[in-house]
Amino acid sequence: MAPRTKKAANKIKSIDTSFEIIEYLMEKDGAGVTELANNLGRSKSTIHAHLNTLEQRRYVVQTGDTYRVGLRFLNIGGYAAHSNSVYRLTKDEVDELAAETGLAAQLVVEEHGKGIIVHQSRGNKAVQTDSHIGTERHLHCTAFGKAMLAYFPRERVREILDRHGMVERTSRTITSMDELTKECEEIRSRNVAFDDNEQIEGIRCVGVPILTNTEEVLGAISVSGSTRHMDDETFRKRMPELIQHTVRVIEINYSNV
């Protein structure tokens, strides 16, 4: 299922260009003026003007001819995370899950139709992937994403899929609305979602939604690991029980805030 493109209304072109530059520098781990101009379809003078402003504001740094994202973004990211009430209640619980399982545990919330990793902790058996705090993931092919989709209103699910599509990450990725709807019904019945090599080959993930008393979705907790460390018993039984227990504690704490 391919995403539908939608033109943004009243978009300010100069701001859009600055963010395109920042996102490109992040994706490529740095770039020069010529590379940015060629790949973003802007003139060198335009790119240089934006980079000069961003450097003065300390949001990019220059080493020789290469520009990189500056550490000042850490301040913004830290504020964004700490301003989220769910983060404050779950950080320690996620850390404990990672320590107990030895795998990677994360808190994910939905924003603009994507799953955003707000906090992540890695145990001693965690697989090193490209995910980190702030990483965005599609919802239809991840355990935490499907855990949240299962409790969203049907129209919200359709809106998200229309916007972002159902990209096929692996041969096991769900790419049809009918199949996803059926799986969401199963997720609601057992209150746990599974990603069995759907996002990354060789990686399994278990996700449980964090819900209010009225089943409003606050986010999801997930634990992921290699198929070697996540055998069928661990994947289908032990891990769901561990995460569900953790989420119950978080939900109780949230209701008492």
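These remarks concern the structure in this document. Everything quoted here is computed from the prediction, not taken from an experiment. Sequence order as written defines the numbering, with residues in each chain counted from 1. Local features in a predicted model are, by the rule used here, given only for residues with pLDDT of at least 70; side-chain atom pairs are given and counted only at 80 or more, and totals for whole chains, interfaces and linings are based on all residues. As a convention, hydrogens and water are excluded, and side-chain values are obtained from all of the structure's heavy atoms.

Our focus in this paragraph is the nonpolar core. In this structure, L107, I210, I221, M239 and I243 are the most contacted members of the largest nonpolar core, which totals 26 residues. Taken together, the elements giving at least two residues each to this core come down to α5 (85-101), β3 (104-111), β7 (203-211), β8 (217-226) and α9 (232-255). A run of H or I in DSSP counts as a helix once it spans at least four residues, and a run of E counts as a strand once it spans at least two, with each numbered from the N terminus. The element best represented in this core is α9, accounting for six residues. Contacts are residue-level and defined by heavy atoms, with any inter-residue pair within 4.5 Å sufficient. What M239 contacts, discounting residues up to four positions off in sequence, is T101, L103, V206, V223, M230 and T234. In this description, a nonpolar core means a group of buried Ala, Val, Leu, Ile, Met, Phe, Trp, Tyr and Cys residues linked to one another through side-chain atoms lying within 4.5 Å. Classification of residues uses two cut-offs on accessible area relative to the type maximum, computed with a 1.4 Å probe and protein chains only: under 20% is buried, over 50% is exposed, and between them is partly exposed.

Moving on, we come to the side chain of Q120. Inspection of the secondary structure assignment puts Q120 in strand β4 (residues 114-122). Any N or O atom pair separated by 3.5 Å or less is treated as a polar contact, with the protein-specific requirement of one donor-capable and one acceptor-capable atom, and with residues adjacent in sequence counted only for side-chain atom pairs. Polar contacts involving the side chain of Q120 include one to the side chain of Q106, which spans 3.1 Å. Looking at Q120, its side chain comes within polar contact range of the side chain of R122, at 3.3 Å. If near-sequence neighbours (up to four positions away) are discounted, Q120 is found in contact with A105, Q106, S131, H132 and I133.

Take the packing of aromatic side chains next. Classification of ring pairs rests on two measures: the distance between centres of Phe, Tyr or Trp rings, Trp counted by its six-membered ring, which must be within 6.5 Å, and the angle between planes, read as stacked under 30 degrees, edge-to-face over 60 and tilted in between. Considering all chains together, one arrives at two aromatic pairs under this definition. Both rings, one in Y59 and one in F73, keep their centres 4.9 Å apart while their planes meet at 50°; by these two values the pair is tilted. One end of the pair, Y59, is in the loop between α3 (44-56) and β1 (60-63); the other, F73, is in helix α4 (residues 72-82), with 14 residues separating them in the sequence. By relative accessible area, which is 17% here, Y59 ends up buried. The class for F73 is partly exposed, based on a relative accessible area of 25%. In this scheme, Lys NZ or Arg CZ marks a charge over a ring once it lies within 6 Å of the ring centre and within 35 degrees of the ring normal. The ring of F194 has R236 lying over it, and the distance from NZ or CZ to the ring centre is 4.3 Å.

With ten of ten residues buried, β8 lies mostly within the body of the structure. For two strands to count as paired, DSSP must find a minimum of two bridges between them. Sheet topology note: the β3/β8 ladder contains five bridges and is antiparallel. By the bridge assignment, A104 is partnered in β8 with S224. Taken together, the nine bridges between β7 and β8 define a ladder with antiparallel strand orientation. Paired with P209 across the strands is A220, a residue of β8. Counted between consecutive antiparallel strands, the loop separating β7 from β8 contains five residues, among which E215 sits at a positive phi close to 65°.

Here we come to the sheet that holds strand β5 (residues 136-137). In spatial order, the strands read β5-β4-β3-β8-β7-β6; together these six strands make up an open sheet with antiparallel pairing. In this open sheet, the two strands that pair with only one neighbour each are β5 and β6 (193-196).

Nonpolar side chains collect at one region of the surface, where I12, I15 and F19 lie side by side and expose about 290 Å² of accessible area between them. Note on placement: I12 falls in the segment before α1 (13-28). Put simply, a patch holds well-exposed residues, over 30% relative accessible area, that have no salt bridge, with like charges counted together within 9 Å and Val, Leu, Ile, Met, Phe, Trp or Tyr side chains within 5 Å. Working definition of accessibility: Shrake-Rupley area with a 1.4 Å probe, residue cover restricted to the visible protein chains. The salt bridge criterion pairs a side-chain nitrogen of Lys or Arg with a carboxyl oxygen of Asp or Glu, the two atoms within 4 Å.

Where α5 contacts α9, the axes come no closer than 10 Å and their chain directions differ by 155°. Accordingly, the angle class assigned to the pair α5 and α9 is roughly antiparallel. The two elements α5 and α9 meet at a crossing, and its hand is right-handed. Where α5 approaches α9, its residues S85, L89, T90, E93, L97, E100 and T101 are matched on the opposing element by R238, M239, L242, I243, T246, V249, I250, N253 and Y254. The residue makeup of the contact of α5 with α9, split by class, is eight nonpolar, five polar and three charged. Throughout, an axis means a line fitted to C-alpha atoms (over the contacting stretch in the case of helices), and angles, computed between N-to-C directions, take values from 0 to 180 degrees. For this classification, under 35 degrees means roughly parallel, over 145 means roughly antiparallel, 65 to 115 means roughly perpendicular, and everything else is oblique. Should the near helix be turned counterclockwise from the far one by less than a right angle, the crossing is left-handed, whereas a clockwise turn marks it as right-handed. Under the scheme applied, nonpolar residues are Ala, Val, Leu, Ile, Met, Phe, Trp, Tyr, Cys and Pro; charged residues are Asp, Glu, Lys and Arg; polar residues are all the others, including Gly.

On to empty space enclosed by the protein, then. With a 1 Å grid spanning the protein atoms alone, the term cavity applies to any set of points in which a 1.4 Å probe fits but cannot get out, the term pocket to an open set with protein on both sides within 12 Å along at least five of seven lines, and the term lining residue to any residue with an atom within 4 Å of a point. Grid points are joined across faces, edges and corners, and a volume is the space filled by probe spheres set on the points. Applying the stated criterion across every chain, the model contains two cavities of 30 Å³ or more. Within this model, the largest cavity holds a volume of roughly 240 Å³. Taken together, 18 residues line the largest cavity, and the ones lying closest to its centre are T129, S131, I200, I203 and S224. Elements supplying a minimum of two residues to the lining of the largest cavity: β3, β4, β7 and β8. If you tally residues by element for the lining of the largest cavity, the top one is β4, at three residues. Grouping the amino acids of the lining of the largest cavity by side-chain chemistry returns seven nonpolar, eight polar and three charged. Size it by volume and the second largest cavity reaches roughly 30 Å³. Taken together, G113, H138, L139, H140, I160, L161, H164 and G165 make up the lining of the second largest cavity.

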